[in-house]
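Observations on chain architecture
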Amino acid sequence: MKLVRSKDLLGWFFILIAVIFITLFYFYPMLQALILSFQSGMGVNLEFAGLDNYRRLLNDPVALTAIRNTFIYLIIQVPVMILLALFFSVLLNNPDLKFKGFFRTAIFLPAVISLVAYSVIFKYLFSTDGIVNKFLLNLSLISEPIEWLMDPFWAKVLIIIAITWRWTGYNMIFYLAALQNVDKSVYEAARVDGANSFQQFFYITIPMLKPIILFTAITSTIGTLQLFDEPMNITRGGPGNETLTISQYIYNLSFEYTPDFGYAAAVSFVIVILTVIFSIIQFRLRGDKK
Amino acid sequence: MINWKSIFTYVILSVAAFVSLFPFIWMLISMTNKSVDITRGSLMPGSNLFENLSNLFANYNVGSALFNSFFIAIIATVLCLIVSALAGYGFEVYQSKGKDIVFTILLLSMMIPFAALMIPLFRFFGNISQVFPAIGVDTLYAVILPYVTTAFFVFFFRQNTKMFTKDLIEAGRIDGLSELGIFFRIYMPSMKNTLAAAGIISFMNNWNNYLWPLVIIQSPENQTIPLLISNLGSGYTPDYGVIYTAIVIGTIPTALVFFFLQRFFVEGMTGSVKG
């Protein structure tokens, strides 16, 4: 009995450092942010302000634009990317496929470049006289250059294209790893029963991979809700505030404009609340279909 | 008979590979070209590489940015592997009800967005500066400390520890090893794939981190590679050749880490997916 107790104590010692660090750098600042969001004032002179910051948020057109933009990215980009990643992983999982290693590495490669670096590259590739417009013009797909960085609609499309380019291969690796654990005989049986590729994809692959799809959906959702590097380096949030994200607005409120930490903290709670809501929805979705 | 399905597969994958690779090919070609040729959309390698390199090193703090990024990424990764492996092992091997509750609470921290943390953390390090300026605002340690471990890595190690043969622990105890001895001499050496996978992820995250260094670093000599590239990219009269050269130099380390450890990466990932 004594031995068991001492083993249990030893276990606490193993997890102690991690618990201290996560508490100190996640939970404690989170609590501070919550307190801060009820305070108001410029710089270090803060005083209690009740719900003023949250009231201001509801009437702040820039904040609402940032929330709308973030939603647009989320709702379009995450499903498109997950479907693409699933599609590529199924194609790559074909045992007879040649050059498999090349295709896999090529599609994964965008995941090794830093967000800032690829954002700067994309900004130049998609400039009005950039190579993407030249390419589209040469193929006669467009008759005049698209103003990727200046047009409110195309600027959002560009941000979505950029994130999808960067993360599809990364998510694909998770699905490929999971597909290797799927019993091949399931597909054999389905083929014998006359199921075509699409039916196999929707009725076998997706249900089998549901846990890992859920995991990637949640991590991608959390990532997109916090989107910062790309709009900051591709469009600077422009034109106007048409590509501004919530994280970027919080950064501007804290470090670009006259620092208003209390209000910035209140805006950051929008991301916290959205993260919790989306995570609950995604867990529910899994529960319902089971 | 023509196999349309396999033609379709190869066409799709080739297009995907081309789209994925094109920005890399473009930056490699562009680092050898003059700014004017890049604007013109030249797809032929030029002879301006040496000049771009010397302009970059002469006019910008690339040397110190490289040093800073390596320093941050290596120290943060080593600390992350040790601290997260200890915790993942502790949660799985010494499982108890109390620890499971703590584990669930730790997992909740994965939902906390960094945007909510950055202001309190900035103020926290501001306070530290008053007492220990060596690890306060505008130091490399301030960049590292919040990333020493995250709930993701603790979770990752716990999942992979499920596949670790527990009999080895008993064997170690019989051989008279201490509990920490078992961890360092039996567990760690047998977790190479997991360590490699977590190591790649941590190195890349820290090497590529942008928002937190942007907030906490102020002086040019403490800049990291992403800060330098971002500054270069936001200039009004950009020298494209120099910028692409900086981007290539900043991407080489993560690309090398990935290529050398890729085999372990896929295996390590498979482990965490199985659990």
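Residues numbered from 1 in each chain as written. Chains lettered and ligands numbered in written order. Predicted model: local features only at pLDDT ≥ 70, side-chain atom pairs only at ≥ 80, totals over all residues. Heavy atoms only, no water.

- An unreviewed UniProt entry annotates chain B as Carbohydrate ABC transporter permease of Oceanobacillus luteolus.
- Looking at the Subcellular location (unreviewed entry) heading of the UniProt record, one finds this comment for chain B: "Cell membrane".
- UniProt, in the comment section headed Sequence similarities (unreviewed entry), describes chain B in these words: "Belongs to the binding-protein-dependent transport system permease family." (UniProt positions renumbered as here; feature names shortened; annotations may be inferred.)

**Re the side chain of Thr149 of chain B**
- Mapped onto the secondary structure, Thr149 of chain B falls in the loop between α7 (140–144) and α8 (151–161).
- Not counting the four nearest positions on each side in its chain, Thr149 of chain B is found in contact with Ala18, Phe21, Ile22 and Tyr26 of chain A together with Val83, Ser84 and Val154 of chain B. (Helix = DSSP H or I, 4+ residues; strand = E, 2+ residues; numbered from the N terminus. Contact = heavy atoms within 4.5 Å.)

**What to know about the environment of Tyr26 of chain A**
- Looking at the secondary structure, you find Tyr26 of chain A in helix α1 (residues 2–36).
- Relative accessible area serves as the criterion here: at 12%, Tyr26 of chain A is assigned to the buried category.
- Excluding anything up to four places from it in sequence, Tyr26 of chain A contacts Phe21 of chain A together with Ser109, Ile112, Leu117, Pro146, Thr149 and Thr150 of chain B. (Buried < 20%, exposed > 50% of the residue type's maximum accessible area, 1.4 Å probe, protein only.)

**Remarks on the environment of Ser114 of chain A**
All names here are of chain A.
- Assignment of secondary structure puts Ser114 in the loop between α4 (100–108) and α5 (115–125).
- Placed 38 residues apart in sequence, Ser114 and Pro152 show a C-alpha to C-alpha distance of 25 Å.
- Within polar-contact distance, the side chain of Ser114 engages the backbone nitrogen of Ala117 at 3.1 Å. (Polar contact = N/O pair within 3.5 Å; in protein donor to acceptor, adjacent residues only side chain to side chain.)

**Examining the packing of aromatic side chains**
- As enumerated under the stated definition, the model contains 57 aromatic pairs over all chains in all.
- With a centroid separation of 5.3 Å and an interplanar angle of 70°, the aromatic rings of Tyr170 of chain A and Phe174 of chain A are classed as edge-to-face. With Tyr170 of chain A and Phe174 of chain A both in helix α7 (residues 152–179) and four residues apart, the pair spans about one turn of that helix.
- A residue is classified by how much of its surface remains accessible, and Tyr170 of chain A, at 22% relative accessible area, is partly exposed.
- You can call Phe174 of chain A buried: its relative accessible area is 5%.
- Clustering of aromatic rings is evident, with ring pairs tying together Phe13 and Phe14 of chain A together with Tyr89, Tyr94, Phe164, Phe183, Phe184 and Tyr187 of chain B.
- Over the ring of Tyr263 of chain A we find Arg56 of chain A, and its NZ or CZ is 3.7 Å from the ring centre.
- Note that Arg166 of chain A overlies the ring of Trp167 of chain A, its terminal NZ or CZ placed 4.5 Å from the centroid. (Phe/Tyr/Trp six-rings, centres within 6.5 Å; stacked < 30°, edge-to-face > 60°. Lys NZ or Arg CZ within 6 Å of the ring centre and 35° of its normal.)

**Brief notes about unusual backbone geometry**
- Unlike most non-glycine residues, Ser140 of chain A shows phi in positive territory, near 60°.
- Along the chain, Ser140 of chain A falls in the loop between α6 (131–138) and α7.
- For Ser140 of chain A, a relative accessible area of 60% gives the class exposed.
- Its identity as a non-glycine residue notwithstanding, Asp138 of chain B has a phi of 65°, on the positive side.
- Note on placement: Asp138 of chain B falls in the loop between α6 (114–131) and α7.
- With a relative accessible area of 18%, Asp138 of chain B lands in the buried category.

**A short note on the interface of chain A and chain B**
- Facing 87 residues of chain A, the contacting portion of chain B comprises 91 residues.
- Of the roughly 7800 Å² buried where chain A meets chain B, counting both sides, 80% is carbon and sulfur surface.
- Ranking the residues of chain A by area buried against chain B places Phe14, Phe25 and Tyr26 of chain A at the top, with a combined share of 10%.
- Taken together, chain A and chain B are joined by zero salt bridges.
- Viewed at the interface, chain B and chain A are joined by nine residue pairs in polar contact (both at pLDDT 80 or more).
- The greatest single-element share of the side of chain A that touches chain B, amounting to 23 residues, is contributed by α1 of chain A.
- Across the side of chain A that touches chain B, the residue classes break down as 63 nonpolar, 14 polar and 10 charged. (Buried area = accessible area lost by both parts, 1.4 Å probe. Salt bridge = Lys/Arg side-chain N within 4 Å of Asp/Glu carboxyl O. Nonpolar A, V, L, I, M, F, W, Y, C, P; charged D, E, K, R; others polar.)

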